[in-house]
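Summary of the model geometry
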4 protein chains.
Amino acid sequence: MTTTAEMLKTHPRQIEADADLFAQCADACFECAESCTACADACLAEEQVGELRACVRLNLDCVDICESVGKVLLRQTARKPETVRAHLEAVIAAVRDCAEECELHAQQHEHCRICAEVCRRCEQSCLRLLGGI
Amino acid sequence: MTTTAEMLKTHPRQIEADADLFAQCADACFECAESCTACADACLAEEQVGELRACVRLNLDCVDICESVGKVLLRQTARKPETVRAHLEAVIAAVRDCAEECELHAQQHEHCRICAEVCRRCEQSCLRLLGGI
Amino acid sequence: MTTTAEMLKTHPRQIEADADLFAQCADACFECAESCTACADACLAEEQVGELRACVRLNLDCVDICESVGKVLLRQTARKPETVRAHLEAVIAAVRDCAEECELHAQQHEHCRICAEVCRRCEQSCLRLLGGI
Amino acid sequence: MTTTAEMLKTHPRQIEADADLFAQCADACFECAESCTACADACLAEEQVGELRACVRLNLDCVDICESVGKVLLRQTARKPETVRAHLEAVIAAVRDCAEECELHAQQHEHCRICAEVCRRCEQSCLRLLGGI
């Protein structure tokens, strides 16, 4: 069990059934936030930065929404499923945009290849949660 | 003209028509993030904090998504309207939840009364932008 | 009185003397976060983005620490002056770095000129608060 | 090798010596941000929330500064060691405050016990990096 799942299961009003799914998705969001932060910075340092503008921008959006939704998923007090759904749809849109863009540069830039994979994992995790709530 | 609108208009690929609407909405999101941060903390310090749990939680969600979407709105490079829309829908859901909850305590807690107003202004600003893109 | 100061003054354990100083500094931090988000994105879209790499990076750091410290300043419950001081020192370092870099490009890029001014206002506001607590 | 270290090592201007130390510290910051988000929310849901006000507040500060510094550590372009140091000092102050407070409730609340451990790991990781740059 990860620390995140362990934390969610100590919540006084924790709903057992959900905790693993929420924990895994939150972890995927934070992993994605880290990866996209590093990818944006690596793109910025590339000689051909001029061709990576969209990649930097989409990475930055992805960081912001991943951190935001990651935190929303970690809160179990007064959770509103409808709002969680709207958040998941926003993060799915952002990680998809970012994955698609990173995939275009995956051959030339190792950081884009890895980051695209992390984004796709996050997308899958969010879709799984969206299907489960 | 606010500093934010001024900043957006100096962007090398700025689309004149949109800048004021985006700037106003981003400002409303950041104002809401500040107000909800302060409201969550004030609720926490109230004697009857036990009755304000949902308010604290919804305030915190609101802070996170408002900051996230506020930043997305300030980026004009490689903007994806579909993704902006998904972000706006998420922030609208969160500010509505928060406004509704704060309104329940507006009579007893001045911070909830003010915060509800700020959330409603942010909601209106987001709806206006959603209708305009 | 700004909304932020008004919010801080409704806190059940509010210390009258501090509220305006804290509110003004928090507002300056959030204004700076917005300005630096827009400046990073505008730099990214400039033809000579290759010469603006440091500017983008320092803008991004500035956004992160300004948002973080802005929120810390808005919390009055169990405030620890020593920790507030460490936060202010971090944000002062970051806004200074960013202002110095933006000032180098202020002649060529209007967004850097405005952003440098916003950073300097934030620096002054943080120094004033640091001197007052 | 973690994904984060792998990402940092694909940076075009990566300094081999530092990457593992920075990656580990960034991961510790993000793990701490997640743990403190969950702990704040669990405290909020406890029957005796009135005795956990300081814990919630210090958790929230910790989240903000951990995310902020975590991202700063992931950026290698135009890195300023002096500023990284100021950031590390701020995050160390915040995780210490949070760990000390969580330790007071570790016997009664499992989430505080786990969260205190995560904060202490983050503190150690930050001190190690501070000593190494």
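Shown above is the structure to which this text applies.
Every chain's residues receive numbers from 1 upward, in the order its sequence appears when written. To label them, take the chains in the order written and letter them from A, then take the ligands in the order written and number them from 1. Totals for whole chains, interfaces and linings use every residue, but because this is a predicted model, local features are given only for residues with pLDDT of at least 70 and side-chain atom pairs only at 80 or more, for both listing and counting. As a convention, hydrogens and water are excluded, and side-chain values are obtained from all of the structure's heavy atoms.

Attention now moves to the relation of the copies chain A and chain D. By a simple turn and slide, chain A fits onto chain D: the slide is 0.0 Å along the axis, the RMSD is 0.0 Å, and the turn is 180°. As the rotation angle and translation indicate, the two copies are arranged about a two-fold axis. The C-alpha atom lying nearest the rotation axis in chain A is that of Phe30 of chain A; the distance is 3.5 Å. Fitting of the copies onto one another was done by least squares over C-alpha atoms, counting residues only where both copies have pLDDT of at least 70.

The two chain copies are connected by a rotation around an axis plus a translation along it. For the pair chain A and chain C, the best superposition has an RMSD of 0.0 Å and corresponds to a rotation of 180° with a translation of 0.0 Å parallel to the axis. Taken as a fraction of all interface residues of chain A, those also at the interface in chain C reach 100%, which identifies the copy contact as same-surface. We call two residues in contact when some of their heavy atoms are within 4.5 Å.

Right, let's get into the interface of chain A and chain D. At the interface, 37 residues of chain A touch 37 residues of chain D. Approximately 3000 Å² of surface area, both sides summed, lies buried where chain A meets chain D, with 63% of it carried by carbon and sulfur atoms. Take the accessible area each of two parts loses on contact, using a 1.4 Å probe, and add the two losses: that sum is the buried area. Area buried by chain A at its contact with chain D is led by Met7, Glu34 and Asp41 of chain A, which between them contribute 22% of it. Put simply, a salt bridge is a Lys or Arg side-chain nitrogen that is within 4 Å of an Asp or Glu carboxyl oxygen. Viewed at the interface, chain D and chain A are joined by two salt bridges. Notably, a salt bridge pairs Lys71 of chain D with Glu67 of chain A, separated by 2.9 Å at the nearest N-O pair. For helices the rule is a DSSP run of H or I covering at least 4 residues; for strands it is a run of E covering at least 2, with both sets numbered from the N terminus onward. Secondary structure elements with two or more residues in the side of chain A that touches chain D: α1 (3-9), α2 (16-45), α3 (53-74) and α5 (110-132) of chain A. For the side of chain A that touches chain D, the leading source of residues is α2 of chain A, giving 13 residues. Charged residues are taken to be Asp, Glu, Lys and Arg, nonpolar residues to be Ala, Val, Leu, Ile, Met, Phe, Trp, Tyr, Cys and Pro, and polar residues to be all remaining types, Gly included. Tallied by class, the residues present in the side of chain A that touches chain D amount to 15 nonpolar, nine polar and 13 charged.

So, on to the packing of aromatic side chains. Only Phe, Tyr and Trp rings take part, Trp by its six-membered ring, and two of them pair if their centres are within 6.5 Å. Stacked means planes under 30 degrees apart, edge-to-face means over 60, and tilted covers everything else. Throughout the structure, instances matching the rule amount to two aromatic pairs over all chains. Aromatic side chains Phe30 of chain B and Phe30 of chain C sit 6.5 Å apart centroid to centroid with 55° between the ring planes, which places their arrangement in the tilted category. One end of the pair, Phe30 of chain B, is in helix α2 (residues 16-45); the other, Phe30 of chain C, is in helix α2 (residues 16-45), on a second chain. Phe30 of chain C matches Phe30 of chain B in its accessibility class, with the two residues each being buried. Directly above the aromatic system of Phe22 of chain A lies the positively charged group of Arg79 of chain A, at a separation of 3.5 Å from the ring centroid. Accessible area is worked out with a 1.4 Å probe on protein chains only. A residue is then buried under 20% of its type maximum, exposed over 50%, and partly exposed in between. Whether a charge lies above a ring is judged from NZ of Lys or CZ of Arg, which has to be within 6 Å of the ring centre and within 35 degrees of the ring normal.

A few words on the side chain of Arg53 of chain B. Looking at the element boundaries, Arg53 of chain B is found in helix α3 (residues 53-74). Although buried, Arg53 of chain B forms no salt bridge, and the nearest oppositely charged side chain, Glu47 of chain D, lies 7.4 Å from it. Ignoring any residue separated from it by four or fewer positions in sequence, one finds Arg53 of chain B in contact with Arg13 and Thr77 of chain A together with Leu44, Ala45, Glu46, Glu47 and Val49 of chain D. His residues and chain termini do not enter the charge count, which takes Lys and Arg as positive and Asp and Glu as negative.

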